[in-house]
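# What the coordinates show
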Amino acid sequence: MKSNIIVIFGGSGDLAKRKLMPALCLLHSGNKLDKDFIILGVGRTKLDNESYRRSIGDGLSKYLSVNEVCNVNKENFLSRIHYLKMDPAKEQDYTLLKEAISALAGNVGKILYYLATPPSLYEQIPANLLKSALNTPESRIIVEKPFGYNLQSAGKMNDILRSAFAEKQIFRIDHFLGKETVQNILAFRFANGIFEPLWNRNYIDRVEITAVENMGIEDRGGFYEGAGALRDMVQNHLIQLLALVAMEPPVAFNEQEFRNEVVKVYRSLRPLTDEEISKNVVRGQYIASHRKDGIKINGYREEKSVAADSYTETFLAMKVNISNWRWEGVPFYIRTGKQMPTKVSEIIIHFRPTPHKLFNSSEGCPEQNQLVIRIQPNEGAVLKFDMKVPGSGFEVKQVPMAFTYDKLGGLPSGDAYSKLIEDCMNGEPVLFTRSDAVEASWNYFDPILRYWQENSDIPLYGYPAGTWGPPESDAIIEGGKCWTNPCKNLTDTDLYCEL
Ligand code: BG6
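These numbers come from a predicted model, not from an experiment. Starting from 1, residues in each chain are numbered consecutively following that chain's sequence as written. Local features in this predicted model are restricted to residues of pLDDT 70 or higher, and side-chain atom pairs are both shown and tallied only at a pLDDT of 80 or more, whereas totals for entire chains, interfaces and linings draw on every residue. Note that the side-chain values use all heavy atoms of the structure and ignore hydrogens as well as water.

### Details of the overall build of the chain
To keep things clear, this is the line we draw: To qualify as a helix, a DSSP run of H or I must reach at least 4 residues; to qualify as a strand, a run of E must reach at least 2; elements of each kind are numbered from the N terminus. When we talk radius of gyration, it's over C-alpha atoms, and the globule rule is simply 2.2 Å times the number of residues to the 0.38. Contact definition: two residues touch when any of their heavy atoms are within 4.5 Å. Residue exposure ignores everything except the shown protein chains as possible cover, and the areas themselves are Shrake-Rupley values with a 1.4 Å probe. In this tally, Asp and Glu contribute negative charge and Lys and Arg positive charge; neither His nor the terminal groups of the chain are included. By convention, the point assigned to a charge is CZ for Arg, NZ for Lys, CD for Glu and CG for Asp.
For the chain, the count of helices and strands is 14 helices and 18 strands. On C-alpha atoms alone, the chain measures out to a radius of gyration of 24 Å, which is about the 23 Å that the 2.2 N^0.38 rule sets for 499 residues. Overall, the C-alpha framework of the chain stretches about 80 × 50 × 50 Å when taken along its three principal axes. When contacts within the chain are restricted to residue pairs at least 6 apart in sequence, long-range pairs at least 24 apart make up 77% of them. Element-wise, carbon and sulfur atoms account for 51% of the exposed surface of the chain, whose accessible area totals about 21700 Å². Across the chain, the mean location of the 58 positive side-chain charges is 2 Å away from that of the 62 negative side-chain charges.

The following block contains the structure:
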């Protein structure tokens, strides 16, 4: 099914401008949309079609690369875009929506709804679509993360969505799953015979998952205040990455089998006790600082729409344990943060060291083999292992064996949002999150939120913008080991490389 009308709730918001419209524009340039498609942005902001198109057009120039924009018939794309001022929380406004859809599409049929609003509206919109009979059997609905604020609200949200739409019409999006490099974790693990025998507690010492950014919250203060790093990144993107690393091989790569294995991982996450939360979960918030080039970066509390005494975390690091046959005893360390030194997402598998140390290693090199899966940027994978340094004596040094995407004919192609929106239009749910996965993930994270809420003395550490977060996060890693701060160059083997 190709929808002939795409209704974006939150049409004047940041997500629509930054990600959704560019993604739709790319789909249009690849002839992937219905030939008569129309996009209707809806929101509370007062705008006319003209000014809405202008603002979307500016966003396309800003967020698409020059080549991509050139490939697109931008004017034609913009001419398909319309705007309707309405309040999605008010049932009576849906009459306006119905009229606009009929006038633009000729009928109320194949509609793709995109919920890109603050999550506080996620319950009202489906309920209002139901009451206004806009939940047609041919329609589909994409829901942005975070899916709820906690387990209870996620459950309620799922119930409301399912009262208006069948599960096969609901697409809960996590754009990390649309990334080529994230999908490649599956290929890496399950299309090769050599890694899987090592992929368990007998050979793996620990796993690190890092997804950090060198920017702040930009204009998203209103959203971020109600979210924080746990809801924004950890409960969805990071735990999804963990699931791909930890899952059992699915019987087949289809919506049922693949998603069953993801849920199994979430169900095996060992619940955290209060004591473990205070010891193994570290939260932080960036404070003002000067970057190397002298530019001042505002602290989080100075950002627009952020309370001056905000307790929202912009950094989170934690230790996760998986209680199952394969992973018992192997810690998974995950962390995310805003205003870090660089933007990078990567997974590092640390293999166990050799049982006996025969050789000296050259200064500063880690002695354990590492597999680095770089999600972004400089996408690729590197296996690090020790080799003898030429010359007399017997000193070993760690060297990289690297795969970079140019070996596959270029950078990972396609935009994550385009790929997932296209999948949704084709009725392909495999890369979308199932309701039981959402709830199983919340079931694990809920106690952390509750503990923070009930214990106002739990520290929120300030960290200067441009650093790797509060040093207290180092204490999470056991055995005198530390976080591996990613290098710019994927094949760099130095521990302390320049960014
Ligand atoms: C979004 C978060 O889901 O992911 C943002 O809401 C974050 O806060 C973004 O910046 C990171 O995604 P990407 O694809 O840029 O790594």
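We are not done yet, so read on.
### Digging into the domain arrangement of the chain
So the rule is basically this: Domain borders in the structure are assigned automatically or taken from a domain database.
Looking at the chain, the domain boundaries give domain 1 (3–144) and domain 2 (177–414 + 431–480). Measuring from the centre of the C-alpha atoms in domain 1 to the corresponding centre in domain 2 gives 33 Å.

### Thoughts on a nonpolar patch on the surface
Rules: Each patch is built from residues lacking any salt bridge and having more than 30% relative accessible area; the joining distance is 9 Å for like charges and 5 Å for nonpolar side chains (Val, Leu, Ile, Met, Phe, Trp, Tyr). By salt bridge we mean one thing: a side-chain nitrogen of Lys or Arg within 4 Å of a carboxyl oxygen of Asp or Glu.
A cluster of nonpolar side chains, namely Leu358, Phe359 and Phe394, defines an oily patch on the protein surface of about 320 Å² accessible area. Counting through the fold element by element, Phe394 comes out in the loop between strand S16 (380–388) and strand S17 (395–404).

### Thoughts on the state of the cysteines
Convention followed: Criterion for a disulfide: a pair of cysteine sulfur atoms at a distance within 2.5 Å. To sort residues, take the accessible area from a 1.4 Å probe on protein chains only and compare it with the maximum for the residue type: under 20% means buried, over 50% means exposed, and anything in between is partly exposed.
Applying the stated criterion to the full structure yields 0 disulfides. The closest cysteine sulfur to the non-disulfide-bonded Cys424 is located on Cys25, 19 Å from its own sulfur. Take Cys424: its relative accessible area is 0%, and that puts it in the buried class.

### With respect to the pattern of salt bridges
Overall, the coordinates contain 32 salt bridges when judged by the stated rule. Between Arg172 and Glu167 there is a salt bridge, with its nearest N and O atoms 2.9 Å apart. As a salt-bridge pair, Glu196 and Arg326 come within 2.8 Å of each other at their nearest N and O atoms. Residue Glu196 is found in the loop between helix H8 (180–190) and strand S7 (204–212), and its partner Arg326 is found in the loop between strand S11 (315–320) and strand S12 (332–337); the two are separated by 130 residues along the sequence. Residue class for Glu196 comes out buried when judged on its relative accessible area of 18%. Among the charged side chains, a salt-bridge network with shared partners connects Asp159, Arg162, Glu167 and Arg172.

### Overview of the sheet that holds S11
For the record, the criterion: Two strands make a pair as long as DSSP finds a minimum of two bridges between them. Simply put, an axis is a line fit to the C-alpha atoms, just over the touching stretch for a helix, and the angle between two N-to-C directions goes from 0 to 180 degrees.
The strand order across the open sheet built from 10 strands is S14-S17-S16-S15-S13-S7-S12-S11-S8-S18, with neighbouring strands paired in mixed fashion. The two strands at the open ends of the sheet, each matched to only one other strand, are strand S14 (360–361) and strand S18 (461–464). Bridge count between S11 and S12: 6 bridges; the pairing is antiparallel. What sits directly across from Lys319, in S12, is Tyr333. Contacts from H8 reach strand S13 (344–351), strand S15 (370–376) and S16, with the element oriented near 145° to S15. Sheet strands touched by helix H10 (residues 228–246): S7, S11, S12, S13 and S15. Its angle to S12, the strand with the most contacts, is close to 145°.

### Overview of the environment of Lys338
With respect to the element layout, Lys338 can be found in the loop between S12 and S13. In this structure, the C-alpha to C-alpha distance between Lys338 and Ala229, residues 109 residues apart in sequence, is 8.4 Å. Leaving out residues up to four positions away in the same chain, Lys338 has contacts with Glu213, Met215, Gly216, Ile217, Arg220, Tyr224, Asp232, Tyr286, Thr314 and Tyr463.

### What about the site of the ligand?
The following threshold applies: Definition of nearness: a residue and a molecule or strand are near each other if at least one heavy atom of the residue lies within 4 Å of the molecule or strand. Here a polar contact is taken to be a pair of N or O atoms separated by no more than 3.5 Å, where protein atoms must pair a possible hydrogen donor with a possible acceptor and residues adjacent in sequence count only if both atoms sit in side chains. Basically, the charged four are Asp, Glu, Lys and Arg, the nonpolar ten are Ala, Val, Leu, Ile, Met, Phe, Trp, Tyr, Cys and Pro, and anything else, Gly included, counts as polar.
Around the ligand, a shell composed of 13 residues is seen, among which Lys179, Glu213, Asp232, Lys338 and Gln376 lie nearest. Lys179 is positioned with one of its side-chain polar atoms (N or O) 2.5 Å from an oxygen atom of the ligand. Contact distances for the ligand include 2.7 Å between an oxygen atom and a side-chain N or O atom of Gln376. Isolated, the ligand exposes 400 Å² of accessible area, and the fraction of that covered by the protein chains is 87%. By residue number, the principal contributor to the shell around the ligand is H10, which donates 3 residues. Here the shell around the ligand is composed, by residue class, of 2 nonpolar, 3 polar and 8 charged.

### What about the nonpolar core?
Side chains of a nonpolar character, in soluble globular proteins, are inclined to be buried together. Heads up, the rule is: Residues belong to one nonpolar core when they are buried, are Ala, Val, Leu, Ile, Met, Phe, Trp, Tyr or Cys, and are joined through side-chain atoms within 4.5 Å.
Core analysis: the largest hydrophobic core is formed by 142 residues, its most contacted members being Phe9, Leu97 and Met318. Looking at this core, the element that brings in the most residues is H10, giving 12 residues. When residues are assigned to domains, this core turns out to be shared by domain 1 (3–144) and domain 2 (177–414 + 431–480), each giving three or more. Beyond its immediate chain neighbours, meaning those up to four positions away, Leu97 contacts Val7, Phe9, Leu40, Val42, Leu84, Met86, Leu129 and Leu134.

### Re the pairing of S17
Pairing analysis gives 2 bridges linking S14 to S17, with the strands arranged parallel. Pairing of Asn360 across the sheet is with Glu395, part of S17. Where S16 and S17 come together, 9 bridges link them in antiparallel fashion. If you follow Ala381 over to S17, its bridge partner there is Phe403. The loop that links S16 with its antiparallel partner S17 comprises 6 residues; one of these, Gly391, has a positive phi angle of about 120°.

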